[in-house]
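Residue-level structure breakdown
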Amino acid sequence: MKPTESELRRNEKMASETTPLITTVTVGSVPRRYPHQIVRRFCTVARGSSLIALLITFLVCVVFAPSHDSVPEWPGHGSKSITYEELQAILLDTPSGLKAAEWSQYYTSGPHLAGKNLSQAEWTRDRWNEWGIASDIVAYDTYINYPVDHRLALLEKSKSDSVDAGAWKVAFEATLKEDAFEEDPTTQLEDSIPTFHGYSASGNVTGSFVYVNYGTYLDFEDLLKANVSLEGKIAVARYGGIFRGLKVKRAQELGMIGAVLFTDPGDDGEVTAENGYDTYPNGPARHPSSVQRGSVQFLSIAPGDPTTPGYPSKPGVPRHPVDNFIPSIPSLPISYVDALPILKALNGHGLKAKDLNEYWTKNTGLGYKGVDYNIGPSPDDVVLNLYNEQEYTTTPQWDVIGIINGTIPDEVIVVGNHRDAWIAGGAGDPNSGSAVINEAIRSFGKALEQGWKPLRTIVFASWDGEEYGLVGSTEWVEEYLPWISAANVAYINVDVGVRSPVFQASAAPLLHKLLYEVTALVPSPNQTVKGQTVRDTWDGYISTMGSGSDFTAFQDFAGVPSLDFGFGGQSEKSPIYQYHSNYDSYHWMSEFGDPGFVYHKTMAQLLALATAKIADTPLIALNATDYATALKTYVEKVEAKLATSQPELVTDEEIFEFRARTAGTEVKGDPEAFGESLARLYKSISNLKSAAIKLDAKAAKLAEEANEHIPWWKWISKLKLLHAIRTTNTQYKRIERAFLFPGGLDGRPWFKHVVFAPGIWTGYAGAVFPGLVESIDNKDFLNAAKWVEIIDGCINVATKTIE
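This report concerns the structure included in the present document.

Parameters and conventions
- Residues numbered from 1 in each chain as written.
- Predicted model: local features only at pLDDT ≥ 70, side-chain atom pairs only at ≥ 80, totals over all residues.
- Heavy atoms only, no water.
- Helix = DSSP H or I, 4+ residues; strand = E, 2+ residues; numbered from the N terminus.
- Buried < 20%, exposed > 50% of the residue type's maximum accessible area, 1.4 Å probe, protein only.
- Contact = heavy atoms within 4.5 Å.
- Areas by Shrake-Rupley, 256 points an atom, 1.4 Å probe, with all protein chains shown as cover.
- Salt bridge = Lys/Arg side-chain N within 4 Å of Asp/Glu carboxyl O.
- Axes fitted to C-alpha atoms, helices over the stretch in contact; angles between N-to-C directions.
- Parallel < 35°, antiparallel > 145°, perpendicular 65-115°, else oblique.
- Pairing = 2+ DSSP bridges.
- Expected span 1.5 Å × (residues − 1).
- Polar contact = N/O pair within 3.5 Å; in protein donor to acceptor, adjacent residues only side chain to side chain.
- Phe/Tyr/Trp six-rings, centres within 6.5 Å; stacked < 30°, edge-to-face > 60°.
- Core = buried A, V, L, I, M, F, W, Y, C linked by side-chain atoms within 4.5 Å.

**Some thoughts on the overall build of the protein**
Summing up its helical and strand segments, the protein has 24 helices and 17 strands in all. Taking all 803 residues of the protein together, the buried fraction comes to 56%. Contacts spanning at least 24 positions in sequence make up 81% of the contacts within the protein whose residues lie at least 6 apart. Carbon and sulfur atoms provide 54% of the accessible area of the protein, an area that totals close to 33400 Å².

Here it is as structure tokens:
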């Protein structure tokens, strides 16, 4: 039977071994399930979107709707039970002079050298935990020294006609001790700490000696120009003007074999024994046996553990040689009563101070004791024997870290004070600051009890090892640098919280406005005019950031705007502060420094309010316009330096900055062309200022809007406001970071900030545009031009950051 035609077509379409594996199959159209399918689909999508929109609206209303008071709340602040004004009231009302005295007495009751104060660290941690601030101890293995033995003797060779002709005899043996007083228990402790220098070299050297004035760079240059022999001699320098370690550093560089440092009472101004004031403990003048201990690390080269520059001192890390960071010659601190026989031994030998220049006769205060201030050197038959034995070791140091968690994870404020001291006391340095920060923390604890939670996280720190070289804070910053760079908006430091009634402050320009606002909120203990505030009694001067305390790693290494303040100035009649001596004691503080601890209370109020202002207001309390304005004045200072080699000097700060300049001889490059190149900095700063004014105006407007009531149904407006505030705060946070140069300064790469650093030969005092200024001092205008490029680039980055 033949197949039909339809069967043949069907057989042709059947699969066979030649049929493709994939082929197109025609199918019929799918019939619509519903006659109005498109309309139904649209309605389904619309209904789902409406439900989602209603859910979002509900959540926004729950999270962001304002409370019944007039102050709007911010993300994570919804549970806050007290207003910002109520927080301020708590921070003003809680600090107590009696409590501050209690904390001061505890800290100053025994020795607490760096690496030997674990019990104090634990006590501090426990108190902070009691007050509601979660706290713990962070340890670092650091390289430091402890005193073993020392001696300083004036030796004379017997005359040729004596029985023991040519033999050396001891003409004077320095006590190297401070007198003990019945009135001051701290001075009577059997375990009191000997007089010594931190990071001083061990050694036993004997040689002629030379009086080197303050030991500044130009003091030594004056001696070289006068052909005074220095090599192989021992330097006798007076404290003051520059960091002590740099006096030893320059002496070492010039071939001297040792250094002896003493405090000249002439630097105490009016309040001296010569002017009829009783000495401590009977009066406000310096006691003749007072000795200033301290570190001789080369602080302007790099702070922190000298064996781990740039990274934290954790167990097992590689250790570097210390040659470039601490001295290789021995040094000792002595009192002026021990210095008298040594200085008198120079009478009649070499030039007199007055034969050099006016800087050598500044504040000489021992003339009435028979000192002629001859330079020397001493004759060959009159020498000093300086013996210094130190034990160097790697030992733990302990930072106490307390945290109040905020609600914005990448906006953090750090507040710190160091705990370690050179002596059993330390009532001014540092434990007035320790008492102050404790009272501030206790006050925040009271706010926490009432349900307060800050907008930004607050980290409190009790640093160890500051006295040796800012060790505890530097190691901590080096360890947590990535987090600090991402989150830290400001650092507040209180070192010497109180030692006089005179308020002082140094700060990054971003924080100037904050200082003026906060000081105007706190009543001054000085009520000669009823109702006056700290701002009313303060001259308003804010110095630039240098070094010498724990803000250094934050400002100069991490680019965090920093503030350091306290009642640490000196008026004409205020009692002389017994700096780093056994007489910086609880007794001195309660009798002379701050009777009643009223300034401790005031300082705690200032610290707490400054912290709260940054931590708990919607807009970070920074001001960009002040920074741009300051940068212009810094360039003007550079131009003034170019214009004259002998500026008019008025203040001590100006004098010592000038005397600490290096003295380059060979001119490199064209000074005139370099001067013209500064015009580009003015142009860039002008652009930055324009952007800064706009940013500050925007922040002020946002701050007003943040304090206005926003109806719940305007949730989109609130979201936009929150986004704008967030963006603005991020811009402020990044300004200071823009001025970091990864390569660091010439010869000291640890310092990254192109605007602020300690002067390379001052150590304490702040230098502005340090790379630029040091190049000018060295007459290296080619290198100065390089720094103009670097600074200009940083300014432009800052401008782009805030545009």
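**Let's talk about the pattern of salt bridges**
Pairs can form between side chains of opposite charge once their charged atoms are near each other. Summed over all chains, the structure comprises 29 salt bridges. A salt bridge links Lys314 to Glu479; the shortest N-O distance between them is 3.6 Å. Of this pair, Lys314 sits in the loop between strand S8 (294-295) and strand S9 (331-334) while Glu479 sits in helix H11 (residues 471-479), and the two are 165 residues apart along the sequence. Given a relative accessible area of 22%, Lys314 falls into the partly exposed group.

**Remarks on the packing of helix H18 (residues 624-643) against helix H23 (residues 770-777)**
For the pair H18 and H23, interaxial distance at closest approach is 11 Å and the crossing angle is 0 degrees. Classified by the angle between their axes, H18 and H23 sit roughly parallel to one another. Packed against H18, whose contacting residues are Val638, Lys641 and Leu642, the element H23 presents Leu772, Val773, Ile776 and Asp777 at the interface.

**Describing the pairing of strand S10 (residues 382-404)**
Note: strand S1 (residues 134-157) against S10, 22 bridges, orientation antiparallel. Across the sheet, residue Glu156 finds its bridge partner in S10, namely Val382. When strand S4 (residues 203-207) meets S10, the two strands line up antiparallel, connected through five bridges. The partner of Thr206 across the bridge, within S10, is Asn385. Bridge count between S10 and strand S12 (residues 456-463): five bridges; the pairing is antiparallel. If you follow Ile401 over to S12, its bridge partner there is Ala461.

**Brief notes about helix H9 (residues 431-449)**
Relative to the 27 Å expected for 19 residues at 1.5 Å per residue, H9 spans 27 Å between its end C-alpha atoms, a close match to the ideal helical length. Summarising burial for H9: 16 of the 19 residues are buried, a large majority. Where H9 terminates, the next one or two residues include Gly451, which has phi positive at roughly 90 degrees.

**Some details on the environment of Arg737**
Summarising the element assignment, Arg737 is placed in the loop between helix H22 (715-735) and strand S16 (756-758). Residue Arg737 is classed as buried on the basis of its relative accessible area of 15%. Not counting the four nearest positions on each side in its chain, Arg737 is found in contact with Ile484, Ser485, Ala487, Asn488, Ala558, Gly559, Val560 and Pro561. Within the local environment of Arg737, its side chain forms a polar contact with the backbone oxygen of Ser485, the two atoms lying 3.1 Å apart.

**Some words on unusual backbone geometry**
Following Gly376, the chain continues into Pro377 via a peptide bond in cis, with omega recorded as 5 degrees. Here Pro377 shows up in the loop between helix H8 (336-344) and S10. Of note, the amide linkage connecting Asp429 to Pro430 takes the cis form, showing an omega dihedral of 10 degrees. Its location among the elements puts Pro430 in the loop between strand S11 (408-418) and H9. For Asn213, which is not glycine, the phi torsion reads 60 degrees and is therefore positive.

**Some words on the packing of aromatic side chains**
Following the criterion strictly, the structure yields 43 aromatic pairs and no others. Between the aromatic rings of Tyr107 and Trp123, the centroid separation amounts to 5.4 Å while the plane-to-plane angle is 85 degrees, which identifies the pairing as edge-to-face. With Tyr107 in helix H4 (residues 97-107) and Trp123 in helix H5 (residues 118-130), the pair connects residues that are 16 residues apart, well separated along the chain. Taken individually, Tyr107 and Trp123 each receive the classification buried, so the pair is uniform in this respect. Between Tyr627 and Phe756 the ring centres are 6.3 Å apart and the planes differ by 35 degrees, which places this aromatic pair in the tilted class. Linking Tyr627 in helix H18 with Phe756 in strand S16, this pair joins segments that are 129 residues apart in sequence. For the pair formed by Tyr627 and Phe756, the shared burial category is buried.

**A word on the environment of Asp670**
Position of Asp670 among the secondary structure elements: in the loop between helix H19 (652-659) and helix H20 (671-677). On a C-alpha basis, the gap between Asp670 and Leu782 in space is 7.7 Å, while along the polypeptide they are 112 residues apart.

**Observations regarding the nonpolar core**
Among the nonpolar cores identified, the biggest contains 150 residues, and Phe460, Tyr468, Trp476, Phe565, Ile614, Phe739 and Leu772 are the most heavily contacted of them. Contact partners of Phe565, with chain neighbours within four places excluded, come to Ile492, Asn493, Val494, Val496, Phe503, Gln504, Ala505, Leu515, Met603, Leu606, Leu607 and Ala610.

**What to know about the sheet that holds strand S5 (residues 209-211)**
Taken in spatial order, the four strands line up as S5-S6-S7-S9 in an open sheet, and their pairing is parallel. Only two strands of the sheet have a single partner each, and these edge strands are S5 and S9. Strand-to-strand twist in this sheet, taken as the mean axis angle between neighbours without regard to direction, amounts to 20 degrees. Of the strand pairs in this sheet, S5 and strand S6 (residues 234-238) are connected by three bridges, and their pairing is parallel. Looking at S6, one finds that Val210 is bridged to Ala235.

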